[in-house]
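# Breakdown of the fold
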Amino acid sequence: MLAGCDLEDRTLTMVKPRLGIDQQLAEEFARLFDEPGRIRIELVDNPNPDRPGIEAVKSGLADLAFTPNTALYDPRVEAVVPLYPSVLHIAYQWSEDDPEVESADDAIGDLSVRTVFAGPPGAQSRTLLEATAKRDGMRPEDINYIEDPNGCADVIVVYTAVLPEVPEAIRTCGDYRLVSLAAPGDIGNGKAIDSVTLMNPALKPFIIPAETYEELTPEPVVTLAVDNLLVASAELEDAVVFDLLREVLRMKPALSATKPGLFHQLTDNFDTSGLSFVMHPGALAYLQRDEPDFYERYSGIAEVVVTLMIGLVSGFYGIWKIYS
């Protein structure tokens, strides 16, 4: 009976991200857990596609999700580990006949006239775009959004990883260029880019080097990045999250092999004070190398054994009384 209660091959459900590129990352991430071990990850569809995947974790419909470090704190969700930086990409349709663009405002233009794709409703990119538009005196409801991710928009605003797949996804609609929010030398010199990161500490300046995306980036692009977190339900057992984080860090070479340059920041030495969520006790125990003891790991089995023993003792006592 005790052998049948072994903890191996625990399956955790993770919500599929809503953007296509992020979905590919999640699928490759989950696939690495297919080998026999303590933890397996099963991807599940978002029960409410109009809401971020973290909402499914809050409501108990999933165990895990990816979410940016700018998500609002909720006690039902706890952090496991920062996985990779998610970078703001602002692309605009470009033609050789267009006048030279001198600022981001020139590139984006009038958002009530130009079509805009900024991810699904509630996406971080939409929130940022609407906050910027509101600051410039434009109502968010006046932005001319298109909802179809496969549709072609004049302006594309999304947070995503820096991957070779990005230009392939963008250039299907024509020639684009990425907007730079500042010059590389402006970082750390009190320019506007510094005010953004000062007021939003979870955001960090990020430079996409020239020619990273071939013709999309003829010059260096200064933009913003935020850590993409692996988060878990606060109800998940400490021992399970301990094993989960251990497996994620153990498989860093495999993750890096699938996406070189993306997971190089994945480490067990990160600043927990800058997270939007409290650390899950199981993840914190791993960082402090406080491995769950025998009772913590097998407490469920111990409770079953104690219950069986009480039942057996009571039964034998009853039989002895009857016999007497």
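We now turn to the structure provided with this report. Keep in mind that this is a model prediction, so the values were computed, not measured.

Cut-off values and rules
Residues numbered from 1 in each chain as written. Predicted model: local features only at pLDDT ≥ 70, side-chain atom pairs only at ≥ 80, totals over all residues. Heavy atoms only, no water. Helix = DSSP H or I, 4+ residues; strand = E, 2+ residues; numbered from the N terminus. Expected span 1.5 Å × (residues − 1). Buried < 20%, exposed > 50% of the residue type's maximum accessible area, 1.4 Å probe, protein only. Contact = heavy atoms within 4.5 Å. Polar contact = N/O pair within 3.5 Å; in protein donor to acceptor, adjacent residues only side chain to side chain. Salt bridge = Lys/Arg side-chain N within 4 Å of Asp/Glu carboxyl O. Disulfide = S-S within 2.5 Å. Core = buried A, V, L, I, M, F, W, Y, C linked by side-chain atoms within 4.5 Å. 1 Å grid on protein atoms, 1.4 Å probe; cavity = no way out; pocket = protein on both sides within 12 Å on 5 of 7 lines; lining within 4 Å. Points joined across faces, edges and corners; volume = space filled by probe spheres on them. Phe/Tyr/Trp six-rings, centres within 6.5 Å; stacked < 30°, edge-to-face > 60°. Nonpolar A, V, L, I, M, F, W, Y, C, P; charged D, E, K, R; others polar.

Our focus in this paragraph is helix α1 (residues 20-31). Think of an α-helix as 3.6 residues a turn; residues three or four steps apart then line up on the same face. Taking 1.5 Å per residue, 12 residues should reach 16 Å; α1 reaches 16 Å between its end C-alpha atoms and fits that length. Those residues of α1 that fall on the buried side of the exposure criterion are Ile21, Asp22, Leu25, Ala26, Phe29 and Ala30.

Its location among the elements puts Lys204 in strand β8 (residues 204-208). Owing to a relative accessible area of 34%, Lys204 belongs among the partly exposed residues under this scheme. When the C-alpha positions of Lys204 and Asp194 are compared, they lie 9.0 Å apart, and in sequence the two are 10 residues distant. Apart from the residues within four sequence positions on either side, Lys204 is in contact with Thr197, Thr223, Leu224, Ala225 and Asp227. At 3.0 Å, the side chain of Lys204 forms a polar contact with the side chain of Asp227.

Time to look at the pattern of salt bridges. Under the criterion given, the structure shown has 13 salt bridges. A salt bridge links Glu247 to Arg250; the shortest N-O distance between them is 2.9 Å. You can see Glu247 and its partner Arg250 sitting in helix α7 (residues 238-250), three residues apart, about one turn around the helix. Arg250 sits in the partly exposed class, given a relative accessible area of 46%.

Under the criterion given, the structure shown has one disulfide. Between the sulfur of Cys152 and that of Cys173 lies a disulfide, 2.0 Å long from S to S. On the sign convention where negative is left-handed, the bridge of Cys152 and Cys173, at about -80° about the S-S bond, is left-handed. Of the two residues, Cys152 sits in the loop between α4 (124-135) and β6 (155-160) while Cys173 sits in the loop between α5 (165-170) and β7 (176-178), which places them 21 residues apart along the sequence.

Phe29, Leu83, Leu230 and Leu244 are the most contacted members of the largest nonpolar core, which has 71 residues in total. In terms of residue count, strand β4 (residues 77-93) provides more of this core than any other element does, eight residues in total. Look past the residues within four positions of Phe29 in its chain and what remains in contact with it is Met14, Ile41, Phe66, Leu83, Leu230, Val248 and Leu255.

In the structure shown here, the tally under the stated rule is one cavity of 30 Å³ or more. Volume-wise, the largest cavity comes out at about 40 Å³. In this structure, the largest cavity is lined by Leu25, Glu28, Phe29, Leu32, Leu255, Thr258, Lys259 and Phe263. Sorting the residues of the lining of the largest cavity by element identifies α1 and α8 (252-258) as the ones contributing at least two each.

As a further point, take the side chain of Ser125. Among the secondary structure elements, Ser125 is positioned in helix α4. When its relative accessible area of 3% is taken as the criterion, Ser125 is described as buried. Here Ala118 takes part through its backbone oxygen, which lies 2.7 Å from a polar atom of the side chain of Ser125. A distance of 3.4 Å separates the side chain of Ser125 from the backbone oxygen of Val157, its partner in a polar contact.

Structurally, Lys58 can be placed in helix α2 (residues 54-58). A polar atom in the side chain of Lys58 sits 3.2 Å from the side chain of Glu55. Once you skip the residues sitting within four places of it in the chain, Lys58 turns out to touch Asp74, Arg76 and Val77.

This model, assessed by the stated rule, comprises five aromatic pairs. A ring pair is formed by Phe29 and Phe33, whose centres lie 5.3 Å apart and whose planes are at 55°; its orientation type is tilted. Judged by its relative accessible area of 1%, Phe29 is buried. Measuring from ring centre to ring centre gives 5.7 Å for Tyr84 and Phe263, while their planes differ by 80°; the resulting arrangement is edge-to-face. Here Tyr84 is found in strand β4, whereas its partner Phe263 is found in the loop between α8 and α9 (281-287), with 179 residues between them in sequence. Here Tyr84 and Phe263 have matching classes, each one buried.

The next point concerns α7. The end-to-end C-alpha separation of α7 is 18 Å, in line with the 18 Å expected for 13 residues at 1.5 Å each. Among the 13 residues that make up α7, 10 are buried, leaving the element largely enclosed by the rest of the structure. Regarding α7, the residues found buried are Ala239, Val240, Val241, Phe242, Asp243, Leu244, Leu245, Glu247, Val248 and Leu249.

Once that is clear, we can look at the layout of surface pockets. If a probe as big as a water molecule is rolled over the atoms, it shows which places are left empty. Size it by volume and the second largest pocket reaches roughly 700 Å³. Residue lining of the second largest pocket: 28 residues in total, with Leu19, Gly20, Phe117, Pro149 and Asn150 positioned closest to the centre. Counting only elements with at least two residues in the lining of the second largest pocket, the list comes to α1, β6 and α5. For the lining of the second largest pocket, a count of residues per class yields 14 nonpolar, nine polar and five charged.

Take it as geometry only, folks, not as evidence of what the structure does.
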